[in-house]
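These are the residues of each chain, in order.
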Amino acid sequence: MTRMIPVRPRSGANVSERRIFDAFAGATGADDWIVLHSLEIHRHASQFQGEADFIVLVPGRGIVVIEAKSPEYVEYKDGQWRLDRVPNPGKSPFEQLDGSIRSLRGYLKHRDILGGAEPIARLVWFTSLDRFQFKNATPGDMQFFEWELAWHGDLQHPIKAIEQVLDAHDAWYSAVDGVEHAPELMTAEHVEEIAAALLGDFAGGRSLADRKLERLDDENRLLKEQRVVLEMIERNDHVYFDGPAGTGKSYLLAQLAKRWKSDARTLVTCWNVLMADELRDMLRAGRDIDVDDLNTIMLRVAGIQENPAEAGRDWYTTELPQLALAALQKDPTLGAYEAICVDEFQDIAGFPDVLDLLFALAGTGAADGTRLAFAGDARQQILRPADAHVDPYAVARERVPDLVHVALRRGLRQVSALAESAEALLSRRFGYRGHRATSTISAPVAVKPVADAAEASAALAAALRELLEHHQAHDIVILSPFGSRRSLAGKVLTAEHFTKEERWLRDRLKVDAPVGMGPVDAATTDVVVDVPTPTTPKAPPGRVRWGSIFKYKGLDAEAVILTDIGDEALAFVGSEGLAWFDLLYVGLTRARYRCVVIAN
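What you see is a predicted model, and the numbers here were worked out from it, not measured in a lab.

1. A few points about the environment of Ile 549
So, step 1. Note on placement: Ile 549 falls in helix H17 (residues 549-552).
So, step 2. According to the relative accessible area criterion, Ile 549 is buried, its value standing at 0%.
So, step 3. Put simply, Ile 549 and Gly 587 are 38 residues apart on the chain and 5.8 Å apart in space, counted from C-alpha to C-alpha.
So, step 4. Among all residues touching Ile 549, those that are not within four sequence positions of it are Ile 382, Leu 479, Ser 480, Pro 481, Leu 562, Leu 583, Val 586 and Gly 587.

Below, the structure is given as structure tokens:
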């Protein structure tokens, strides 16, 4: 992940600066690079003050200073620049860069940080124009090289663009007599030293609550930017949002439901009980929109008060849907929805009877004449054995032939370093093409190996203490492949004898309602379909939520601790026929900022 300083665009950044910032923030393959954004230069060499839009510090290569521009039209004639629709259209962008570079070089030399042979290249980045729109009639101009220009298309590959500039800069100046040119001086330590000199640090008094509010502002801003997707598909009544965890699928589904509810009786549903509660909070549902989990809907339609005490897989996936379907056939007004939105569609894609019931809830009894929106992630089919997995989009497309496929591939929920660390931990890619959320958090994924139960509870306490330094207790979740009876947190709470560390844990774990039961015993295979249980998705202040990965699927938290990751859980998951890596993928992607894995 490219390290961005600051971690978000400055307030008032123009469109070109935001485009370049987002390009670097979502780029991969440059983990040791540092990108400084909007550095105000009050110690300027030729004027009262100035500003460097971006300074890219590349270990082993050099420094690139970037001037960002987004003009409608560019003209360079007789050595004079004309940039349409910018504040100072006649000013040379290279003149601005040269002033910034002289000031930086002088300041760093004065601090005895820069030796003078470190390469410093210039780059003017026109984010509103493409290279084919630029006709260079003066390739021999003495004032700049054409490789010192970047374009809109380069935003797709910002790392490559910087490397090309440095390659060309090296090729030219390494052959110039009298110019000191030593890229090898740019060691990783020297890069850190330069960054620290340009932007000093100081400590303030922000509380955990202050940090959370700032994080929420950033998260909400990124989600709201996704609304442009809805504008692209607003004339389509059948939509499928597809993408890996944290790409904004649930948010877009909820926003679409809000748009539809004005002229259509709308249902928003999913399989997971906790996810339904989350959607209800997100929508603040009223008269015109109903939000419930599918089990609750099926019970209501069938006229049944509750699930049988010994109900198993067949009840939830075959018997109950058929009873509800029969009730709808007798009285279609029990459904009669004009718009239906289904989140976590992969959970039900493999259950034909549930799908039949879902479409029967439509006023027309079919896809025709009904607005339909689905959201799914094929990797999150952890409620069914691996050999029963299906392609959820293909299943939906078979029933709705004109379904519009909206592929979401840019992460919005997890900070990029966490997602990349999780991919490295599992040695496989999750399907992201970039990330919008960035952070300076170091080691966002930490693995704590333990040998036995005593070490595990001590490691859990240590991990929780560390996370509580950065997050409030109710923003932390402890998850396990097991449910309440076999998970580490459950055992700590039910133990008759406990250590001092375990007592500390017991005082901080939410006792009245864990995050869900999930599969509680290796012999209870039917529970893998996620039997609905009375749960509460929120923990009171000062308490930490805990439960199974299965029940928390679709939800997220600022920080997550994964426990019981070891041979026993692997054997359990294998006995159920589930996909171990898919389970870990779901667990790791519940966290937005930090994740600790306690591995047996």
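On we go.
2. Some words on unusual backbone geometry
So, step 1. Going from Ile 5 to Pro 6, the amide bond is cis rather than trans, its omega being -5°.
So, step 2. With respect to the helices and strands, the residue Pro 6 is situated in the loop between strand E1 (3-5) and helix H1 (15-25).
So, step 3. Despite not being glycine, Ala 336 shows a phi value in the positive range, around 55°.
So, step 4. Tracing the sequence through the fold places Ala 336 in the loop between helix H10 (313-330) and strand E12 (339-342).
So, step 5. Its relative accessible area of 30% is what places Ala 336 among the partly exposed residues.
So, step 6. Of note in this structure, Glu 344 is not a glycine but carries a positive phi near 50°.
So, step 7. Looking at the element boundaries, Glu 344 is found in the loop between E12 and helix H11 (352-360).

3. As for the pairing of strand E4 (residues 62-69)
So, step 1. For E4, the tally of buried residues reaches eight of eight residues, placing the bulk of the element in the interior.
So, step 2. Of the pairings in the sheet, the one linking E4 to strand E7 (residues 120-126) comprises seven bridges and is parallel in character. Within E7, the position partnered with Lys 69 by the bridge is Phe 126.

4. As for the pattern of salt bridges
So, step 1. Inspection of the entire model under this criterion finds 22 salt bridges.
So, step 2. Here Arg 3 and Glu 192 are joined by a salt bridge, their closest N and O atoms 2.8 Å apart. Of this pair, Arg 3 sits in strand E1 while Glu 192 sits in helix H4 (residues 188-198), and the two are 189 residues apart along the sequence.
So, step 3. We classify Glu 192 as partly exposed; its relative accessible area is 38%.
So, step 4. Of the charged contacts, one joins Asp 167 and Arg 61 as a salt bridge, the two residues approaching to 2.5 Å between their closest N and O atoms. Note that Asp 167 is positioned in helix H3 (residues 158-173) and Arg 61 in the loop between strand E3 (50-58) and E4, a separation of 106 residues in sequence.
So, step 5. When salt bridges with common partners are traced through the structure, they connect Asp 277, Arg 280, Asp 292 and Arg 300 into a single cluster.

5. What about empty space enclosed by the protein?
So, step 1. This structure, assessed with the given rule, holds one cavity of 30 Å³ or more.
So, step 2. Its boundaries defined by the atoms lining it, the largest cavity holds a volume of some 30 Å³.
So, step 3. Every residue lining the largest cavity is listed: Ile 55, Leu 57, Ile 63, Leu 104, Leu 108, Ile 120, Ile 194 and Leu 198.
So, step 4. Class assignment for the residues of the lining of the largest cavity results in eight nonpolar, no polar and no charged.

6. Brief notes about the packing of aromatic side chains
So, step 1. Across all of its chains, the model carries 20 aromatic pairs by this definition.
So, step 2. With 6.5 Å between their ring centres and 45° between their planes, Phe 24 and Phe 54 make a pair best called tilted. You can see Phe 24 sitting in helix H1 and its partner Phe 54 sitting in strand E3, a full 30 residues away along the chain.
So, step 3. Owing to a relative accessible area of 0%, Phe 24 belongs among the buried residues under this scheme.
So, step 4. Overall, Phe 54 belongs to the buried group, its relative accessible area being 0%.
So, step 5. Geometrically, the ring pair formed by Tyr 76 and Phe 144 is edge-to-face, given 5.1 Å between the ring centres and 80° between the ring planes. Residue Tyr 76 is found in strand E5 (residues 74-77), and its partner Phe 144 is found in the loop between E7 and strand E8 (149-150); the two are separated by 68 residues along the sequence.
So, step 6. Members of the aromatic cluster, each reached through a chain of ring pairs, are Tyr 76, Trp 81, Phe 94, Phe 126, Phe 144 and Trp 151.
So, step 7. The aromatic ring of Phe 581 is capped on one face by Arg 428, whose charged end is 4.1 Å from the ring centroid.
So, step 8. Over the face of the ring belonging to Trp 504 we find Arg 465, whose NZ or CZ atom lies 4.1 Å from the ring centre.

Quick notes on the rules
Residue positions are counted from 1 within each chain, in the order its sequence is given. Reporting of local features is limited, given that this is a predicted model, to residues whose pLDDT is at least 70; pairs of side-chain atoms are given and counted only at 80 or more, and all residues count toward the totals for whole chains, interfaces and linings. Computation of side-chain values covers all heavy atoms of the structure but excludes hydrogens and water. Counting from the N terminus, the helices are DSSP H or I runs at least four residues long and the strands are E runs at least two residues long. Only protein chains enter the accessibility calculation, which uses a 1.4 Å probe; a residue is then buried when its area is under 20% of its type maximum, exposed when over 50%, and partly exposed in between. Contacts between residues were defined by any pair of non-hydrogen atoms, one from each residue, lying within 4.5 Å. In this scheme, strands are said to pair when DSSP sees at least two bridges between them. Any Lys or Arg side-chain nitrogen found within 4 Å of a carboxyl oxygen on Asp or Glu counts as a salt bridge. We place a 1 Å grid over just the protein atoms. Points where a 1.4 Å probe fits but has no way out form a cavity, open points with protein on both sides within 12 Å along at least 5 of 7 lines form a pocket, and any residue with an atom within 4 Å of a point lines it. Grid points are joined across faces, edges and corners, and a volume is the space filled by probe spheres set on the points. Throughout this entry, Asp, Glu, Lys and Arg are counted as charged residues, while Ala, Val, Leu, Ile, Met, Phe, Trp, Tyr, Cys and Pro are counted as nonpolar. The remaining residues, Gly among them, count as polar. Aromatic rings from Phe, Tyr and Trp, taking only the six-membered ring of Trp, are treated as a pair when their centres fall within 6.5 Å; an angle between ring planes under 30 degrees marks them as stacked, one over 60 as edge-to-face, and anything in between as tilted. By definition here, charges over rings are those cases where NZ of Lys or CZ of Arg is within 6 Å of the ring centre and within 35 degrees of the ring normal.

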